[in-house]
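Descriptive analysis of the structure
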Amino acid sequence: MASTGNLSEEQVHCSICLDVFTNPVSIPCGHNFCQNCILGYWKTSPLYQCPMCKKSFQKRPDISVNTVLREIAEQFKQIRVKKEVLCDVCLGEGRPKAIKSCLVCLTSYCEEHLKSHATRFTKHKLIEPVANMEDRMCPKHERLLELYCKKDQTCVCVLCTETDHRAHYTVPVEREWTDKKALLKRTEMEVQQMIQDRVKKVEEIKHSVELNKVSAQKEVEESVQVFSDLVRSIQRTQAELVMVIEEKQRQTEQWAEGLINHLEQEISELRRRHGDLENVARTDHINFLKNFPALSCPPVVRDWSDTRVPTDTCVGMIRRSVSKLESTLNETIHKLIDSEIKKIQKYTVDVTLDPDTANPWLQLSQDRRQVRHLGAWQDLPEQPARFDTVVIVLGRCGFSSGRHYWEVQVGDKDDWYLGVAKSSVNRKGRISVSTAQGYWALAMKKSQGYRASTTPPLLLSLDQKPKRIGVYVDYEEGQVSFYDVKNRTHIFTFKDSFTEKIFPFFYLYCCDKASDTMVIGPAPERGQSKS
């Protein structure tokens, strides 16, 4: 490889012709090209663009010859000239250089051997010395391959244009070489760009893996924290419950002891009375009659017939304690859902509606982000993609990979479906919206409430009526989730597997109120109202 100073030959090569510079010029972005090469490139390109960095210019830049680079290029050319073709007749390592090559003999000759050749073969055609003569000769006519046949895409000699390639469009090989090198360079640059794009993508994926690793570790830490808090809450509630039960048991025991003491006092008093009665019964009739009035009535004592000491003193206490845990758990879930919604809002996409799919009863806004039931049939062009019977419209762009999120303002509407549908769903005739038919949807039907389009449909119990619904799709995970954005609650999640492209879809029942327009929009910015 030729070099001069610290420069290699590649550094003085034009990236268009792939040869050492001829009249090198510099353009504003700092790259250099042969003057004829860059001017020719701009003639074939619709833009004044640098072939290397793709920077575009409003008008053709002023160019001037880079004299320093031209001198360096000339030095390289001189070094290249010194690589002479050697004589094919001379033997040994110190063979002299050839000064001519014969197109008939296909041999290169030094000055001495050229003299003898010229004496013997006066009509042979001689040219400047060329290496590998056989490769440059026409095998049929033994003439130099000087032309290129555009039709047959091959090198030919002058005689070929009079025989096999008659009437074919031919150009000098040098011109075709220049054109092909420019084309090759363009392809090379495209391939290089593809390499750079993929290298960048590899780095992007590696970086994403690292971020995913960090995120997973953070999720593990958060999950440990959440469950540790729940465990501590359970343990604390359990300890409090045990203390309450034990205290209740002590109170019951003290109460029972008081009852026992009272009963024992009454028993002692009754035993004394019983003894007095026995003694009086054994006396004579005079003493008996004297003491009878005082002993004839039973003593006044407490009525114990309804007194009971309950054996189950803690009825409902465990349930009430668990109910407190339920409140704690719901609070934790609410916090987790709020964090979940913030995460999925990072995958917000701009969903617009496809008018070619809209049922003629539906009216779309000019920006294709609003839809309502018009209440009247519109005469629209027939399209294979259009829903002709059911009032459905699909999103313009579908998804075949990745994560996507959008929000839909449903307001006070009470007759709708929304979600995603397979690209292959039937567009004509009656349609059943269900997972079996390729729809993953949340539905609100007046007098029937909210449903998920499972097979069969699943009724959902919602505490509040959602007015802004978030839809989240994870294609690889086969997940479609619905959220009440304003109340920060999770509504329902489908788990399935997707095998084809899926599209956002909207199904509106008949309603002629303008307030019942369904609005598709991105997630609101922080600080904005989510209602």
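Residues numbered from 1 in each chain as written. Predicted model: local features only at pLDDT ≥ 70, side-chain atom pairs only at ≥ 80, totals over all residues. Heavy atoms only, no water.

Side chains of Val191, Met194, Ile195 and Val199 sit close together on the surface and give an oily, nonpolar patch of about 330 Å² of accessible area. For Val199, a relative accessible area of 46% translates into the label partly exposed. (Patch = residues over 30% accessible without salt bridge, like charges linked within 9 Å, V, L, I, M, F, W, Y side chains within 5 Å. Areas by Shrake-Rupley, 256 points an atom, 1.4 Å probe, with all protein chains shown as cover. Salt bridge = Lys/Arg side-chain N within 4 Å of Asp/Glu carboxyl O. Buried < 20%, exposed > 50% of the residue type's maximum accessible area, 1.4 Å probe, protein only.)

Mean pLDDT over the protein: 86, with 94% of residues reaching 70 or higher. Across residues 526–531, where pLDDT falls below 50, the model places ten contacts with residues more than four positions away in sequence or in other chains. (pLDDT = per-residue confidence, 0-100. Contact = heavy atoms within 4.5 Å.)

Attention now goes to the sheet that holds strand S22 (residues 468–474). Strand order in the open sheet made by the seven strands is S14-S15-S26-S17-S22-S23-S24, with antiparallel pairing throughout. In this open sheet, the two strands that pair with only one neighbour each are strand S14 (362–364) and strand S24 (489–495). Strand-to-strand twist in this sheet, taken as the mean axis angle between neighbours without regard to direction, amounts to 20°. Contacts from helix H6 (residues 317–344) reach strand S17 (403–409), S22, strand S23 (479–484) and S24, with the element oriented near 120° to S23. (Pairing = 2+ DSSP bridges. Helix = DSSP H or I, 4+ residues; strand = E, 2+ residues; numbered from the N terminus. Axes fitted to C-alpha atoms, helices over the stretch in contact; angles between N-to-C directions.)

So, on to the nonpolar core. If you look at the biggest cluster of nonpolar residues, it comprises 52 residues, and the most contacted ones within it are Trp406, Leu418, Phe505 and Phe506. Those residues in contact with Leu418 that sit more than four places away from it in its chain are Val408, Val410, Trp440, Ala441, Leu442, Ile469, Val471, Phe482, Phe505, Phe506 and Met518. With 21 residues, the next largest nonpolar core counts Val25, Phe57, Leu69 and Ala73 among its residues. (Core = buried A, V, L, I, M, F, W, Y, C linked by side-chain atoms within 4.5 Å.)

As a further point, take the pattern of salt bridges. Scanning the entire structure with this criterion turns up 18 salt bridges. The shortest N-O distance in the salt bridge between Asp164 and Lys140 comes to 3.0 Å. Here Lys140 lies in the loop between strand S10 (126–127) and strand S11 (147–149) and Asp164 lies in the loop between strand S12 (154–156) and strand S13 (170–172), a separation of 24 residues in the sequence. Residues Arg468 and Glu407 are paired through a salt bridge, measuring 2.5 Å at the closest nitrogen-oxygen approach. Within this pair, whereas Arg468 is found in strand S22, its partner Glu407 is found in strand S17, the two being separated by 61 residues in sequence. Both residues of the pair, Arg468 and Glu407, belong to the buried class. If you follow the salt bridges from partner to partner, you end up with Lys150, Glu176 and Lys180 in one network.

Strand order in the open sheet made by the three strands is S12-S11-S13, with antiparallel pairing throughout. Each having just a single partner strand, S12 and S13 make up the two edges of the open sheet. Sheet twist, expressed as the mean angle between neighbouring strand axes with direction ignored, is 40°. Across three bridges, the pairing between S11 and S13 is antiparallel. Considered in S13, the bridge of Tyr148 is made with Val171.

Here we take up the pairing of strand S26 (residues 518–521). Two faces make up the sheet, and in a regular strand the side chains alternate between them. When strand S15 (residues 370–373) meets S26, the two strands line up antiparallel, connected through two bridges. Of the residues in S26, the one forming a bridge with Gln370 is Val519. Where S17 meets S26, three bridges bridge the pair, whose relative direction is antiparallel. Counted as the bridge partner of Gln409 is Val519 from S26.

Below, the discussion takes up unusual backbone geometry. In the segment running from Thr455 into Pro456, the intervening peptide bond is cis, with an omega of 0°. Assignment of secondary structure puts Pro456 in the loop between strand S20 (449–452) and strand S21 (458–460). Positive phi outside glycine occurs at Lys54, with the angle close to 65°. Tracing the sequence through the fold places Lys54 in the loop between strand S5 (48–49) and strand S6 (56–57). Looking at Lys54, the relative accessible area reads 38%, which means it is partly exposed. At Arg488, a residue that is not glycine, the phi angle is positive and equals roughly 55°. Structurally, Arg488 can be placed in the loop between S23 and S24.

On to the packing of aromatic side chains, then. Under the defined criterion, the tally for this structure stands at twelve aromatic pairs. Considering the side-chain rings of Phe482 and Phe494, the 6.2 Å spacing of their centres and the 75° angle between planes classify their relative orientation as edge-to-face. On the criterion of sequence distance, the pair formed by Phe482 in strand S23 and Phe494 in strand S24 is long-range, its members being twelve residues apart. Just as Phe482 is buried, Phe494 falls in that class too. Put simply, the rings of Trp440, Tyr475 and Phe498 pair up and form one aromatic cluster. (Phe/Tyr/Trp six-rings, centres within 6.5 Å; stacked < 30°, edge-to-face > 60°.)

Let us now look at H6. Its 28 residues give H6 an end-to-end C-alpha distance of 40 Å, which sits within 8% of 40 Å, the value for a rise of 1.5 Å per residue. Within the sequence span of H6, burial applies to Met317, Ser321, Leu325, Thr332, Ile337, Ile341 and Ile344. Buried residues in H6 make contact with helix H4 (173–281), S17, S22, S23 and S24. (Expected span 1.5 Å × (residues − 1).)

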